[in-house]
Amino acid sequence: MAGNEWINGYLEAILDAGSKSSKSSSSSNNNNNNVWAKNISGSSIRQTIEETKLQMNQGFDTGNIGEDDHKDKEGNHQKLFSPIKYFVEEVVNSFDETDLHRTWIKVIATRNTRERSNRLENMCWRIWHLARKKKQIAWDDAQSLAKRRIEIEKGRNDAAEDLSELSEGEKEKSDANQAESPPDNIPRINSDMQIWSDDDKPRHLYIVLISLHGLVRGENMELGRDSDTGGQVKYVVELARALANMNGVYRVDLLTRQITSSEVDCSYGEPIEMLSCPPDGTGSCGAYIIRIPCGPRNKYIQKESLWPYIPEFVDGALSHIVNMARVLGEEVDGGKATWPYVIHGHYADAGEVAAHLSGALNVPMVLTGHSLGRNKFEQLLKQGTLSREDINSMYKIMRRVEAEEMGLDAAEMVVTSTKQEIEEQWGLYDGFDIKLERKLRVRRRRGVSCLGRYMPRMVVIPPGMDFSYVKPQDSLEGDGDLKLLTDSNKTQNKRHMPPIWFEITKFFTNPHKPMILALSRPDPKKNVTTLLKAFGECQPLKELANLTLILGNRDDIEEMSNGSSVVLTTVLKLIDKYNLYGMVAYPKHHKQSDVPEIYQLAAKTKGVFINPALVEPFGLTLIEAAAYGLPVVATKNGGPVDIIKVLNNGLLIDPHDQKAIADALLKLVADKNLWLECRKNGLKYIHRYSWPEHCRTYLSHVKHCRNRHPTTRLEIIPTPEEPMSDSLRDVEDISLQFSVDTDFKPHGELDAANRQRKLIDALTHLGSSNGNSSISYCPGRRKELFIIATDCYSKDGLCTETLPLVTKNVMQAAVSSSGKVGFVLLTGLTLNETKEKFRHCHVGLENFDALVCNSGSELYYPWRDSSADMDYEAHIEYKWPGENVRSVIMRLGRVGEGDGNGDDIAEYSDAFSSRCYSYSIKPGAKTRKIDELHQRLRMRGFRCSLVYTHAATRLNVVPLLASRGQALRYLSVRWGLDVSNMVVFVGEKGDTDYESLLVGLHKTVILRNSVEYSSEMLLRSEESYKMDDVVPQDSPSIAFVEGHQVHNISAALKALKIM
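Note that the coordinates shown come from a computational prediction; the quantities given were computed from them, not determined experimentally.

**Remarks on the overall build of the chain**
Piece 1. Helix and strand content of the chain: 37 helices and 26 strands.
Piece 2. Counting the 1059 residues in the chain, one finds 54% classified as buried.
Piece 3. For the chain, the share of sequence-separated contacts (at least 6 apart) that also reach a separation of at least 24 residues comes to 73%.
Piece 4. Surface summary for the chain: the accessible area is close to 47,700 Å², and the carbon and sulfur share equals 49%.

This is how it looks when you write it as structure tokens:
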């Protein structure tokens, strides 16, 4: 313990301070400390730290720590500050031990060592144990990350080896292409992309943008209100407006969540908000915010809690898009549905929504990450404060990462702000490798097969900016406006000057000096404290310039979040330490509308804008500053590198180097020629970051990526007003009670019984003989669809008799709505297995409107002789690797690969089809879980879906766009039936796609005890997210039934208000 002597002294001092409190309080505190000390080794570090912070916020007051009656302003007792917990927090969170030792070494010298107790010694050892535990967590996570990187490297090497080998035909084709274009003069890969031109033929494009979380509205945006309502909200709103102003774009919809909570303004509950409409616009053209209900109707929830409700948003958005496609088709395309030109998801949650919508409608998808989960995850792990489990619990980080991976699977294009985002952030993902993506692009241009591999195209398109309201001063000679600020008649001058100017300049002794401006959130990552230290320690800079810190809005620092309060408190301490009064401004409040005037004030004083963030993903404020003629100093980490390269209007600095920061600022402030040159360059090239320029580049890339996407589009079956086969049998209309040959009976009664039946049969026959039977039968006219999706298998993977029994009971429960309810079967069985199972039961397959077999890869219509839906087959074909993935599955699916038996996974030929590769799993075989296998396929560039079925004895590999859930959305669009009018019947467990059947706008009836064996144990690894992150708890759309008896099913349907 000799090395920990200073720790003992520190503990003694803080314990001694605590002993001055009242006897009762001290006793209570000691008891609490004893309990805490007893359990600390078993608690998570995060929990310990959070409890400590909570106590500090509630009860820490250095001025009153020894008083008996420690009360707040209202007279309520506050919890006492726990010095031991505070100390542990500082030690465990890597507090500077040298400073701590230096501070408390004096305490040791003045205390009697005999007063030390065994309890104190024990506490020191427990602290040491906790610190070791932190290091162990960091070590384990580092090992996990290293193992993952090795796996990624292996997967990418496999892909590179496969792509390096060309077949003879490919070699010939490649040689021919090379003969046409000399090897030493190969054009740029994207040279065939055509720039978007306003002179092209007229278009009527429909574009869908999605930004799910936060508070989104067109005017008076509450930026900074919370962590979900920031720059992304402003970006997507301005992007929607800018795209709608482009020639050829007819309508832009920005989809977001509808919030009707009393916590927020009522405007966020409005279903539709117009953003812009061309002066000569007619019909539905323009830009609109469309708010889709999902999740709790009267509650505003953070993005981390939105994950279980995403399928609801998908279904609601799908309904809106289909309806809008019909409306726009009537307006601009002669009644033919006008599908979106592109669906663009912003952030991980909207990326998942866009992936599902893109798959359902078969239109191209674009993704913008804004900030990425894997990058954040690795940074948090490196800090060592939180364990993997804690990070998952707090941030739902693995759920977010999976959504981003899903977005990469589906996206044609990913929009980034900088090259750094591509290389250092997206490069962390399983689904993207920059070298493989480039290699695939080269092969496509040369007409060489990519062997079933796909990578999204990464493009750098910096965010745009609206410069229409920017009015940089053409001449900066003279400072008449500034003289008004120092004039004696300030009251009169205020009428002519922006109020924010007075709020800032009142801090300065000399407001005429150049103003160094920093504008950001009070976030530690923004590195404002280093800037302040650099300013305070550079005497020439203090003499030449003032410093203005715009750090959000504040009322009471103590009531702010911990990170913000720490930054602001440190700022105030540093101002006092360096005696910067009269040189630094830090106003408490500003409005969004004040920001342009703040930039103008800095430009008036010939000042400089600085962004000293540790890492800046893009740096929109740098562009804003340049638009007002301000030279800039910015961090060399991230987006500012690209911005300054384009604008050539400033200097890059190392954000950790105080001297470099001070030197750069001093150079620009002192050298007026350099300052003027940077100003002129910024104003000259700023148009490259305008919204029109952004939109032209964006639309050009979208047009180019659409060339890769299938041209086939989903068609909505035109439905007659009433289908002959159903409605005429149900209608009892006097108009049908007539005789064709006017043969009447006495008393006016018609001899109509036989004649009416013959007439109906004749009309029905006539309808069914006129071409397409899908139109005449038209199952989409059903009021509801009942979907049977109970995965009933024995231990050996054989389908049990429970499935036809459940089907029979569900149909009986729906008998009261005969003719109005249709039935669909969703199953992992093949068509032949389905026919065999229903052959000898009382339910015929002809009672079904559709059969979705092989885990969503095949769709059949029993009323058309069980013929396959070829449109559906073409619909799901995109990105299907086919034969290229066939042998890879068996190699990757086995745990230990080379160590496993070769027959653990074998092809199951009876279930093989063109869109489903099926593999049988040997009993007791160790196979990879779905998420692990998916990860390895993504690393190799393969995009497909995986489902364990038949009680984990079979693995189905199907196209990316195929699933049982997506098949329902396909039928919803095809038949014009809203998803909310569907009821899905499932067991308590099922195949590995079971969770997707529980969520969405449809109703779900869970039949308990109907499924005995399932495959769900092979869905996710322990380190992944949990079911609670997918399925909402206590959903009003889910009903439970004991067993599968008819009366119980009927009761559940009534509870769901179906019947």
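There is more to say, and it comes next.
**Let's talk about helix α15 (residues 434–445)**
Piece 1. Taking 1.5 Å of rise per residue, the twelve residues of α15 would be expected to cover 16 Å, and the 17 Å separating its terminal C-alpha atoms lies within 8% of that figure.
Piece 2. Residues Leu 436, Glu 437, Leu 440, Arg 441 and Arg 443 constitute the buried set of α15. Buried residues of α15 fall within an arc of 165° about the axis and therefore sit on the same side.
Piece 3. Directly after α15, the chain includes Gly 447, whose backbone phi takes a positive value near 75°.

**Regarding the pairing of strand β21 (residues 917–921)**
Piece 1. With respect to burial, β21 is a largely interior element, four of its five residues being buried.
Piece 2. Across three bridges, strand β20 (residues 905–907) lies against β21 in antiparallel orientation. Bridge assignment links Glu 907 to a residue of β21, and that residue is Tyr 919.
Piece 3. Pairing of β21 with strand β23 (residues 954–959), which is carried by four bridges, proceeds in the antiparallel orientation. Opposite Tyr 917, over in β23, you have Val 957 as the bridge partner.

**Here's the deal with a negative patch on the surface**
Piece 1. Together, Asp 555, Asp 556, Glu 558 and Glu 559 make up a negatively charged patch on the protein surface.
Piece 2. Inspection of the secondary structure puts Asp 555 in the loop between β10 (546–550) and α21 (562–577).
Piece 3. Relative accessible area serves as the criterion here: at 62%, Asp 555 is assigned to the exposed category.

**Details of the nonpolar core**
Piece 1. Judged by nonpolar contacts, the single largest core of 60 residues is most densely connected at Ile 210, Phe 313, Leu 357, Leu 361 and Trp 426.
Piece 2. The next biggest cluster of nonpolar side chains, apart from the first, holds 44 residues, and it includes Val 852, Ala 962, Met 982 and Val 1030.

**Description of the packing of aromatic side chains**
Piece 1. Within the structure shown, the criterion is met by 15 aromatic pairs.
Piece 2. Considering the side-chain rings of Tyr 235 and Trp 691, the 5.7 Å spacing of their centres and the 45° angle between planes classify their relative orientation as tilted. Of this pair, Tyr 235 sits in helix α8 (residues 231–244) while Trp 691 is found in helix α27 (residues 691–706), placing the two residues 456 residues apart along the sequence. Of the two residues, Tyr 235 and Trp 691, neither departs from the other in class, the shared state being buried.
Piece 3. For the pair Trp 880 and Tyr 917, a centre-to-centre distance of 5.2 Å together with 55° between the ring planes defines the contact as tilted. One end of the pair, Trp 880, is in the loop between α33 (870–875) and α34 (886–893); the other, Tyr 917, is in strand β21, and 37 residues separate them in sequence. You'll find Trp 880 and Tyr 917 in the same group, each marked buried.

**Quick look at the sheet that holds strand β12 (residues 608–611)**
Piece 1. Pairing is parallel across the open sheet formed by six strands, whose spatial order is β11-β10-β9-β12-β13-β14. One side of each edge strand has no neighbouring strand; the edge strands of this open sheet are β11 (584–585) and β14 (650–653).
Piece 2. Two elements, strand β9 (residues 515–519) and β12, share two bridges in a ladder whose sense is parallel. When the bridges of β12 are listed, Ile 516 appears paired with Val 608.
Piece 3. Sheet strands in contact with helix α19 (residues 528–536) are β9, β10, β11 and β12, and its direction is about 170° off that of β10.

**Some thoughts on the side chain of Arg 954**
Piece 1. Mapped onto the elements, Arg 954 comes out in strand β23.
Piece 2. At 3.4 Å, the side chain of Arg 954 forms a polar contact with the side chain of His 950.
Piece 3. Leaving out residues up to four positions away in the same chain, Arg 954 has contacts with Gly 828, Thr 830, Glu 833, Tyr 908, Ala 911, Ser 918, Tyr 919, Ile 921, Val 947, Tyr 948 and Thr 949.

**Thoughts on the packing of α8 against α27**
Piece 1. Contact pair α8 / α27: the axes reach a minimum separation of 10 Å and the direction vectors enclose 80°. By the angle between their directions, the pair α8 and α27 is classed as roughly perpendicular. Side by side, α8 and α27 meet where Tyr 235, Glu 238, Leu 239, Ala 242 and Leu 243 of the first sit next to Trp 691, His 694, Cys 695, Tyr 698 and Leu 699 of the second.
Piece 2. Here the residues of the contact of α8 with α27 are counted per class, giving eight nonpolar, one polar and one charged.

**Focus on unusual backbone geometry**
Piece 1. Positioned with a positive phi, Ala 952 is a non-glycine residue whose angle comes to about 65°.
Piece 2. Structurally, Ala 952 can be placed in the loop between β22 (944–949) and β23.
Piece 3. Phi is positive for Asp 1034, which is not a glycine, with a value near 55°.
Piece 4. Locating Asp 1034 in the fold gives a position in the loop between β25 (1003–1008) and β26 (1038–1042).

**Some thoughts on the sheet that holds strand β2 (residues 249–257)**
Piece 1. One open sheet accounts for eight strands, arranged β3-β4-β2-β1-β5-β6-β7-β8; its pairing is mixed. What marks the edges here is a single partner per strand, and that holds for β3 (272–276) and β8 (457–460). Averaged over all pairs of adjacent strands, the angle between strand axes in this sheet comes to 25°, irrespective of strand direction.
Piece 2. Contacting β1 (205–210), β2 and β4 (286–292), helix α9 (residues 310–332) runs over the sheet at an angle of about 165° to β2.
Piece 3. Helix α13 (residues 397–410) contacts β6 (365–368), β7 (413–416) and β8 of the sheet and is inclined by roughly 140° relative to β6.

**With respect to the pattern of salt bridges**
Piece 1. Applying the stated criterion to the full structure yields 41 salt bridges.
Piece 2. Between Asp 158 and Arg 940 there is a salt bridge, with the nearest N and O atoms lying 2.9 Å from each other. A residue pair is termed long-range when its members are at least 10 positions apart, and Asp 158 in helix α6 (residues 118–164) and Arg 940 in the loop between α35 (930–939) and β22 qualify at 782 residues. Each member of the pair, Asp 158 together with Arg 940, is buried.
Piece 3. The closest approach of N and O atoms between Asp 791 and Arg 964, which form a salt bridge, is 2.8 Å. Pair noted here: Asp 791 is in the loop between β15 (784–788) and α31 (802–813) and Arg 964 is in helix α36 (residues 964–975), with a separation of 173 residues, a long-range link. Accessibility classification places Asp 791 together with Arg 964 in one group, the buried group.

Cut-offs and rules
Residues numbered from 1 in each chain as written. Predicted model: local features only at pLDDT ≥ 70, side-chain atom pairs only at ≥ 80, totals over all residues. Heavy atoms only, no water. Helix = DSSP H or I, 4+ residues; strand = E, 2+ residues; numbered from the N terminus. Buried < 20%, exposed > 50% of the residue type's maximum accessible area, 1.4 Å probe, protein only. Contact = heavy atoms within 4.5 Å. Areas by Shrake-Rupley, 256 points an atom, 1.4 Å probe, with all protein chains shown as cover. Expected span 1.5 Å × (residues − 1). Arc of directions from axis to C-beta. Pairing = 2+ DSSP bridges. Patch = residues over 30% accessible without salt bridge, like charges linked within 9 Å, V, L, I, M, F, W, Y side chains within 5 Å. Salt bridge = Lys/Arg side-chain N within 4 Å of Asp/Glu carboxyl O. Lys, Arg positive; Asp, Glu negative; His and termini not counted. Charge placed at Lys NZ, Arg CZ, Asp CG, Glu CD. Core = buried A, V, L, I, M, F, W, Y, C linked by side-chain atoms within 4.5 Å. Phe/Tyr/Trp six-rings, centres within 6.5 Å; stacked < 30°, edge-to-face > 60°. Axes fitted to C-alpha atoms, helices over the stretch in contact; angles between N-to-C directions. Polar contact = N/O pair within 3.5 Å; in protein donor to acceptor, adjacent residues only side chain to side chain. Parallel < 35°, antiparallel > 145°, perpendicular 65-115°, else oblique. Nonpolar A, V, L, I, M, F, W, Y, C, P; charged D, E, K, R; others polar.

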